[in-house]
Amino acid sequence: MHGEPPPALRLVYERHFAVANANYLKALGEIHSFLLDARLAPTFRTPCFTDVVDIHVWADKNRSADAFPCVALQATVGEGSDVAETYIRTRIDGVKFNWDQNVWQVSLTVQFYGRDPLVSRFIAVTQPQLKAMDLQKTVQ
């Protein structure tokens, strides 16, 4: 999978969310806004970003298996991957139908690698916004 963190950095935060497909762009917008507020330069990665909204990809089991997991949004704190202090990414784990709620569900994971005080700010400011969109049920 493209978008792997620099090998010297360890995982310091990871949170899974399951949002309705209709809230996918809103959820990424919340994360993107957080990264901009932190004065980072986030990057949307294609085709991951667009595969989520393409029914031809996620409704086809073979194409979906090839497409996911993938990194849709990432940002690095520090100059270049060799000296990065923190690496932040939003991984799309898959798109599945949630029969309990009769909705297409995007499973995503937000990860912070390295050391950074941004984690506590993310937990306080952005995580509640994402939790409000979270379907609270996972698709097996």
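Here goes a summary of the coordinates provided. These numbers were taken from a predicted model, which means no experiment stands behind them.

## Remarks on the pairing of strand β5 (residues 103–114)
Next up, step 1: In terms of burial, β5 is largely enclosed, as 9 of its 12 residues are buried.
Next up, step 2: Direction of pairing for strand β1 (residues 11–20) relative to β5: antiparallel, over a ladder of 9 bridges. When the bridges of β5 are listed, F17 appears paired with L108.

## Considerations on the environment of H16
Next up, step 1: Residue placement: H16 occurs in strand β1.
Next up, step 2: Look at H16 and you get partly exposed, because its relative accessible area is 46%.
Next up, step 3: Expressed as a C-alpha distance, the spacing of H16 and V110, which sit 94 residues apart in the sequence, is 6.6 Å.
Next up, step 4: Contacts of H16, omitting those with residues within four sequence positions, involve R91, D93, L108, T109 and D134.
Next up, step 5: A polar contact of 2.7 Å, which involves the side chain of H16, links it to the side chain of T109.

## As for the nonpolar core
Next up, step 1: Grouped together as the largest cluster of nonpolar side chains are 34 residues, with contacts concentrated most on F68, I92, V110 and F112.
Next up, step 2: Among the elements of the structure, β1, α1 (24–37), α3 (55–58), β3 (70–77), β4 (86–98), β5, α5 (118–125) and α6 (127–133) are those that each provide at least two residues to this core.

## A word on the pairing of β3
Next up, step 1: Counting buried positions over the 8 residues of β3 gives 7, a clear majority of the element.
Next up, step 2: Alignment of strand β2 (residues 43–44) against β3, held across 2 bridges, turns out to be antiparallel. Bridge assignment links T43 to a residue of β3, and that residue is Q74.
Next up, step 3: Pairing between β3 and β4: 7 bridges, direction antiparallel.

## Details of the pattern of salt bridges
Next up, step 1: One pass over the structure, following the stated rule, counts 2 salt bridges.
Next up, step 2: The closest approach of N and O atoms between R89 and E4, which form a salt bridge, is 3.6 Å. Linking R89 in strand β4 with E4 in the segment before β1, this pair joins segments that are 85 residues apart in sequence.
Next up, step 3: The exposure class assigned to R89 is buried, which follows from its relative accessible area of 3%.
Next up, step 4: When the shortest N-O distance is used, the salt bridge between R91 and D93 registers 2.5 Å.
Next up, step 5: Overall, the relative accessible area of 27% leaves D93 in the partly exposed class.

## Comments concerning the state of the cysteines
Next up, step 1: With the rule as written, the count across this model stands at 1 disulfide.
Next up, step 2: Each sulfur of the disulfide joining C48 and C70 lies 1.9 Å from the other. Where C48 bonds to C70 through sulfur, the torsion about that S-S bond is close to 65°, and the disulfide is right-handed. One end of the pair, C48, is in helix α2 (residues 48–51); the other, C70, is in strand β3, with 22 residues separating them in the sequence.

How each quantity is defined
Residues numbered from 1 in each chain as written. Predicted model: local features only at pLDDT ≥ 70, side-chain atom pairs only at ≥ 80, totals over all residues. Heavy atoms only, no water. Buried < 20%, exposed > 50% of the residue type's maximum accessible area, 1.4 Å probe, protein only. Helix = DSSP H or I, 4+ residues; strand = E, 2+ residues; numbered from the N terminus. Pairing = 2+ DSSP bridges. Contact = heavy atoms within 4.5 Å. Polar contact = N/O pair within 3.5 Å; in protein donor to acceptor, adjacent residues only side chain to side chain. Core = buried A, V, L, I, M, F, W, Y, C linked by side-chain atoms within 4.5 Å. Salt bridge = Lys/Arg side-chain N within 4 Å of Asp/Glu carboxyl O. Disulfide = S-S within 2.5 Å.

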